[in-house]
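Here is what each chain is made of, one letter per residue.
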Amino acid sequence: MGASVNPGSASPTEGWFTSEGLNLRFVEWGVPDKPAIVMLHGLRSYAHTWEPVALPLLDNWRVIALDQRGRGRSDWDPKGNYYTEDYVRDLEALADHLALRRFVLVGHSMGGANAFVYAARHPDLVAALVVEDMGPGASASSGGADRIRRELNETPSSFATWAEATAFWRRIRPDISAEALQSRVTHSLKPGEEGRVTWCHDAVGIANSRLSAAPDKIVDLWPHVEALQMPTLLIRGAKSDFLSAATAEDMCRRNARIRRADVQGATHYVHDDNLAGFNAVLQDFLSPLAGSFTSRS
C-alpha cells in the first residue's frame, strides 16, 4: 500500500519554535497544502526516526516530526523538566506555531503517552490518533519498563569509538533492522571531547526524570484513553514486553473508538523492528482519512 514519493517533497526541511524558553526543532516532509501528521518519538529517540514512516505518505500527507525537548537538536531543559505535562505544552506550542487546525497525531512509547493526553484535551484539533506500543501502566509496571530502567542505569555516558557505540545499540535492540540501527547511530550520537562519541540527548536529565519521578509527575493514562473522541489506532509489537496484550484488549474494550493491530516480529520498537508491517497497518488506517479534513482553517 506504499505510496510513491514526490522527489521534490522527500527532502526534509527544518524548523524551530520556542516553548517555555526552550528552542525546539521539528523536521518536516511534504508540502504545506496537504493534511498534516505530527509524529512524536520515544524516550531516547529523535525526529528522524520517523523518516522511513513519513516518506511513503507524501502523496497525501505533510509529515512533521518533533525533536522533543532534550533530544536531537532541541534545547536541553536546564531544570530537567522531562515529564508528560511539559511535553504536552511543547506540542501545544508547536501546533500554535504552525497554525495547525486539524491533524493526525502519532506517538511511540513516551511520545504515545504525550499523544494520549494531548488528544484527550484537544479533540477539536486531533482528527485521528495513532499510538505505537503504549498504554496505561506500561511505563510503571511492565517487564519492558523494568528493562528500560536497567538500560538507563547501565548506559555509558560516552564511547571510545563509533563501532563501540553501534555495538551498544545492537546489544540493547537485538531485533532492530540494519537501517534503523544506522539511523540511531547517525541521529542519537555525536562526536564528543577527546575523540569520544557521546549522546545527542540529555542522557542524565532524562534518566533522572524517568528513574526518580515524583508521584505527581506520573500521569494515569486511563482517563485520557477513555476520553478519546477520535478514531484511534493502537499498534502493538506482537513480541512487546512493554504493552501487554491484555492491556491493549482492555483499552479497546473501554473505548470503542480504539482499533488494535499487532505487528508480527516486532518488540516495543515496532517501526524499528518491522517497518513494512508497521507502515502497512498505518497506511490502511490513514487511507480513508486523507481527504476528510484540512490541516489549516
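Keep in mind that this is a model prediction, so the values were computed, not measured.

(A) Main features of the overall build of the protein. Assigned secondary structure in the protein consists of 13 helices and 11 strands. A globule of 297 residues ought to have a C-alpha radius of gyration of about 19 Å, and the protein, at 18 Å, matches this closely. Along the longest, intermediate and shortest principal axes, the C-alpha atoms of the protein span 55 × 45 × 40 Å. Within the protein, the proportion of its 297 residues that are buried is 55%. A separation of at least 24 residues holds for 73% of the contacts in the protein among residues at least 6 apart in sequence. Surface summary for the protein: the accessible area is close to 12100 Å², and the carbon and sulfur share equals 51%.

(B) The arrangement of the sheet that holds strand 9 (residues 197-199) in detail. With antiparallel pairing, the three strands of this open sheet are ordered in space as 7-9-8. The outermost strands of the open sheet, each flanked by one partner alone, are strand 7 (158-159) and strand 8 (189-191). Sheet topology note: the strand 8/strand 9 ladder contains three bridges and is antiparallel. Residue Leu189 lies in a different strand from strand 9, and its bridge partner there is Trp199. In the packing of helix 7 (residues 162-172) onto the sheet, contacts are made with strand 7, strand 8 and strand 9, and the angle to strand 8 comes to roughly 170°. Across the sheet, helix 8 (residues 178-188) is in contact with strand 8 and strand 9; its angle to strand 8 comes to roughly 50°.

(C) Fine view of the pairing of strand 6 (residues 126-132). Where burial is concerned, most of strand 6 is hidden: seven out of the seven residues are buried. The pairing of strand 5 (residues 103-108) with strand 6 spans six bridges and is parallel. Residue Leu105 lies in a different strand from strand 6, and its bridge partner there is Leu129. Sheet topology places strand 6 next to strand 10 (residues 232-237); four bridges connect them, and they run parallel. The partner of Val131 across the bridge, within strand 10, is Leu234.

(D) Structural detail: the nonpolar core. Among the nonpolar cores identified, the biggest contains 52 residues, and Val38, Leu94, Phe103, Leu105, Phe116, Tyr118 and Leu129 are the most heavily contacted of them. Looking at which element gives the most residues to this core, the answer is helix 4 (residues 110-121), with eight residues. Sequence-distant contacts of Val38, that is, excluding residues within four places in its chain, are made with Ile64, Leu91, Leu94, Leu100, Phe103, Val104, Leu105 and Val106.

(E) Broad picture of the side chain of Arg147. When you line up the elements, Arg147 lands in helix 6 (residues 143-154). Here Arg147 falls in the buried class, since its relative accessible area comes to 14%. Within the local environment of Arg147, its side chain forms a polar contact with the side chain of Tyr269, the two groups lying 3.0 Å apart. Look past the residues within four positions of Arg147 in its chain and what remains in contact with it is Arg173, Asp241, His268 and Tyr269.

(F) The packing of aromatic side chains, seen in detail. Considering all chains together, one arrives at eight aromatic pairs under this definition. Considering the side-chain rings of Trp50 and Phe278, the 6.4 Å spacing of their centres and the 40° angle between planes classify their relative orientation as tilted. With Trp50 in the loop between strand 3 (36-40) and helix 2 (51-54) and Phe278 in helix 13 (residues 275-286), the pair connects residues that are 228 residues apart, well separated along the chain. Since its relative accessible area comes to 0%, Phe278 is described here as buried. Here Phe168 and Trp199 contribute two aromatic rings whose centre-to-centre distance is 5.9 Å and whose plane-to-plane angle is 70°, an arrangement assigned as edge-to-face. Here Phe168, found in helix 7, pairs with Trp199, found in strand 9; they are 31 residues apart in sequence, far enough to count as distant. By relative accessible area, Phe168 is classed as buried at 6%. Aromatic rings pair up to connect Phe159, Phe168, Trp169 and Trp199 into one cluster.

(G) Region of interest: the pattern of salt bridges. Considering all chains together, one arrives at 23 salt bridges under this definition. Linking Glu20 and Arg89 is a salt bridge whose minimum nitrogen-to-oxygen distance equals 2.3 Å. Here Glu20, found in the loop between strand 1 (13-19) and strand 2 (22-29), pairs with Arg89, found in helix 3 (residues 84-97); they are 69 residues apart in sequence, far enough to count as distant. You can call Glu20 partly exposed: its relative accessible area is 47%. The residue Arg236 makes a salt bridge to Asp262 at a minimum N-O spacing of 3.0 Å. Of the two residues, Arg236 is situated in strand 10 and Asp262 in strand 11 (residues 258-263); the sequence distance between them amounts to 26 residues. Look at Arg236 and you get buried, because its relative accessible area is 7%. Look at Asp262 and you get partly exposed, because its relative accessible area is 29%.

Definitions and limits used
- Residues numbered from 1 in each chain as written.
- Predicted model: local features only at pLDDT ≥ 70, side-chain atom pairs only at ≥ 80, totals over all residues.
- Heavy atoms only, no water.
- Helix = DSSP H or I, 4+ residues; strand = E, 2+ residues; numbered from the N terminus.
- Rg over C-alpha atoms; globule rule 2.2 N^0.38 Å.
- Buried < 20%, exposed > 50% of the residue type's maximum accessible area, 1.4 Å probe, protein only.
- Contact = heavy atoms within 4.5 Å.
- Areas by Shrake-Rupley, 256 points an atom, 1.4 Å probe, with all protein chains shown as cover.
- Pairing = 2+ DSSP bridges.
- Axes fitted to C-alpha atoms, helices over the stretch in contact; angles between N-to-C directions.
- Core = buried A, V, L, I, M, F, W, Y, C linked by side-chain atoms within 4.5 Å.
- Polar contact = N/O pair within 3.5 Å; in protein donor to acceptor, adjacent residues only side chain to side chain.
- Phe/Tyr/Trp six-rings, centres within 6.5 Å; stacked < 30°, edge-to-face > 60°.
- Salt bridge = Lys/Arg side-chain N within 4 Å of Asp/Glu carboxyl O.

Limitation: the analysis is restricted to geometry and does not speak to function.
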